[in-house]
Amino acid sequence: MNTRSTPLRVLSRSDLADVPISPGEVVRAVEDAYLAFAEGNSDNPRKLSVAHPDGWSVAYAMLGRDGRRRVVAMKTSYKFDPHHDRSTKRYYTTITLYDDATGLPIAMMDCARVGALRTPAVSALLVRETVRPGARSVLLIGTGTQGRNALPHLLAANPQLDRLMLYGTHPEGLEAVQRELLRHQPRAELEIVSDPRAAARDADVVLATAGPGTKVAVEADDLAPGAVAVLVGYGLAPSTLGRADRVIATNAEQMALTGTDMADADGRLRPVDAELPQILSRRATGRLSDDQRIFVYNSGLVLTDIAVAHALATLAIAEGRGTEVPLWD
């Protein structure tokens, strides 16, 4: 086909901001992507990265092929942060989707909402596969983007969790977490806690989504027997990994690359016992006994970005959103 007659649909951040998609739909899309990967139907090569030698910037490129959806995509991200403060930080991330059945482009889109939805959906699946029978309570640490989306997705996959605790230091963040929770779960009750380490002792699930500036560091001794501690951002001390009875990751290789701040005093990182794709496909087991303390590391695979991006793009295009650009004219 002559590419000169093929426009590219560009979906901006505002085009995607209010595309209606439920947490349950996001969780199902992410799980489907993991299952296709576990079955060998998809490809997820190692990401490429370049960084300024003085730490001013870092950029990544991630290529993937979703065999079930027959979609090929490239995700890129670029962060410019020379002074490590919000006034100078710049962050851009995009994903471009191609239909591998027709050979046509689907869309180029901003990836902010994709990441905001994909990561909590992954955490929800990780908890579902590792939580002990009878678990009811969860402590969420952090009220940023990931914290605000965490509970609706967690409950979509784990509806039995009915004691919801939250620790945060920003009043507007606390309000935003509660607002987003009630939007999806109008009857849910949220308990604001002032001591996260004490709250962790009463939690079946500890979900750490705080930013790098947090002073919270829940220790292994703070975790109840049988608890699951999920690391998305910050909020857990290295002891929760080093002294865990079992370690689960979305991807062991990525954890080895990006989880170095969780290494022990000798610089060693505890090895992973099982990965999420293999657990979902029943080739591995998440939990072996009810009293195991399990450490879970959530790092993304581009295949999950592709799944969520494709779902959002399909909905947005059906509503006529975005701009068609004659890129190849």
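Residues numbered from 1 in each chain as written. Predicted model: local features only at pLDDT ≥ 70, side-chain atom pairs only at ≥ 80, totals over all residues. Heavy atoms only, no water.

In the nomenclature of an unreviewed UniProt entry, the protein is known as Ornithine cyclodeaminase of Nocardia otitidiscaviarum.

What to know about the overall build of the protein
Under the convention used in this document: Helix and strand definitions here come from DSSP, where helices need a minimum of 4 consecutive H or I residues and strands a minimum of 2 consecutive E residues; each element is numbered from the N-terminal end. Exposed residues in this analysis have more than 50% of their type's maximum accessible area, buried residues have under 20%, and partly exposed residues fall in between, with area computed by a 1.4 Å probe over protein chains only. Contacts between residues were defined by any pair of non-hydrogen atoms, one from each residue, lying within 4.5 Å. The convention is simple: Lys and Arg are positive, Asp and Glu are negative, and His and the chain ends are not counted. Lysine's charge is taken at NZ, arginine's at CZ, aspartate's at CG and glutamate's at CD.
Helix and strand content of the protein: 10 helices and 15 strands. If one aligns the C-alpha atoms of the protein with their principal axes, the spans along those axes are about 65 × 45 × 40 Å. The buried share of the protein, taken over its 329 residues, is 50%. Once local pairs closer than 6 in sequence are excluded, the contacts in the protein between residues at least 24 apart make up 71%. Here the protein contributes 37 positive and 40 negative side-chain charges, whose respective centroids are spaced 1 Å apart.

Some remarks on helix α3 (residues 112-130)
One turn of an α-helix holds 3.6 residues; hence residues three or four places apart share an orientation. Just so we agree on the cut-off: Here the expected length of a helix is defined as 1.5 Å per residue gap, with one fewer gap than residues.
Between the first and last C-alpha of α3 there are 28 Å, a value that for 19 residues agrees with the 27 Å anticipated at 1.5 Å per step. The buried fraction of α3 amounts to 17 of the 19 residues, a majority that puts the element mostly inside the structure.

Details of unusual backbone geometry
Its identity is not glycine, yet Arg70 carries a phi of approximately 55°, on the positive side. Mapped onto the elements, Arg70 comes out in the loop between β3 (57-66) and β4 (71-80). One non-glycine residue, Arg282, lies in positive phi territory at about 65°. Within the element layout of this structure, Arg282 appears in the loop between α9 (276-280) and β14 (294-297). For Arg282, a relative accessible area of 56% corresponds to the exposed category.

Some words on the pattern of salt bridges
For clarity, the threshold we go by: Any carboxyl oxygen of Asp or Glu that lies within 4 Å of a side-chain nitrogen of Lys or Arg is treated as forming a salt bridge with it.
Counted according to the given criterion, the structure contains 25 salt bridges. In this structure, Arg68 engages Glu39 in a salt bridge whose closest nitrogen and oxygen atoms are separated by 3.0 Å. In this pair, Arg68 is assigned in the loop between β3 and β4 and Glu39 in the loop between α2 (23-38) and β2 (48-51), connecting sequence segments 29 residues apart. A relative accessible area of 40% means that Glu39 is categorised as partly exposed. The partner of Arg183 in a salt bridge is Glu180, with the nearest N and O atoms 2.8 Å apart. On the criterion of helical spacing, the pair formed by Arg183 and Glu180 is a turn pair, its members being 3 residues apart in helix α5 (residues 171-184). Judged by its relative accessible area of 19%, Glu180 falls in the buried class. It is possible to trace a salt-bridge network through shared partners that takes in Asp32, Glu39, Asp66, Arg68 and Arg69.

Overview of the side chain of Thr93
Under the convention used in this document: In the analysis that follows, any N or O atom pair within 3.5 Å is treated as a polar contact, provided that within protein one partner can donate a hydrogen and the other can accept it, and provided that, for residues neighboring in sequence, both atoms belong to side chains.
Residue placement: Thr93 occurs in strand β5 (residues 90-99). Only 3.1 Å separates the side chain of Thr93 from the backbone oxygen of Thr76, close enough to count as a polar contact. Non-local contacts of Thr93, meaning those with residues more than four positions away in its chain, are made with Lys75, Thr76, Ser77, Met109, Asp110, Cys111 and Ala112.

Re the sheet that holds strand β7 (residues 137-141)
Which entries qualify depends on this criterion: Strands were regarded as paired on the criterion that DSSP finds at least two bridges between them. Axis definition: a line fitted to C-alpha atoms, over the contacting stretch in the case of helices. Angles run 0 to 180 degrees between N-to-C directions.
Spatially, 8 strands are ordered β9-β8-β7-β10-β11-β14-β12-β13 in an open sheet, and the strand pairing comes out parallel. The open sheet is flanked by β9 (190-192) and β13 (274-275), the only strands paired with a single partner. Inspection of the sheet shows strand β10 (residues 205-208) paired to strand β11 (residues 228-231) by 4 bridges, in the parallel sense. Within β11, the residue paired with Ala208 across the bridge is Leu231. Its contacts with the sheet place α3 against β10, β11, β12 (246-249) and β14, and it is angled at close to 155° to β14. The sheet contacts of helix α4 (residues 145-157) involve β7, β8 (163-167), β9 and β10, and relative to β7 the element is tilted by about 160°.

Quick notes on the nonpolar core
Burial of nonpolar side chains together is a common tendency in soluble globular proteins. Note the threshold: Throughout, nonpolar core names a set of buried Ala, Val, Leu, Ile, Met, Phe, Trp, Tyr and Cys residues whose side chains join them through atoms within 4.5 Å. Residue ranges for the domains trace back to a domain assignment, done automatically or taken from a database.
Core analysis: the biggest nonpolar cluster contains 60 residues, and Val30, Tyr34, Ile95, Leu97, Met109, Leu151 and Leu312 have the highest contact counts within it. Sort the elements by how many residues they give to this core and α3 lands first, with 8 residues. Counting residues domain by domain, this core receives three or more from each of domain 1 (8-114 + 303-320) and domain 2 (117-300). Those residues within four positions of Leu312 in sequence are excluded, and the remaining contacts are Leu16, Val19, Ile21, Met109, Arg113, Val114 and Leu117. Of all hydrophobic cores here, the second largest spans 26 residues; its members include Ala199, Ala203, Val218 and Ala227.

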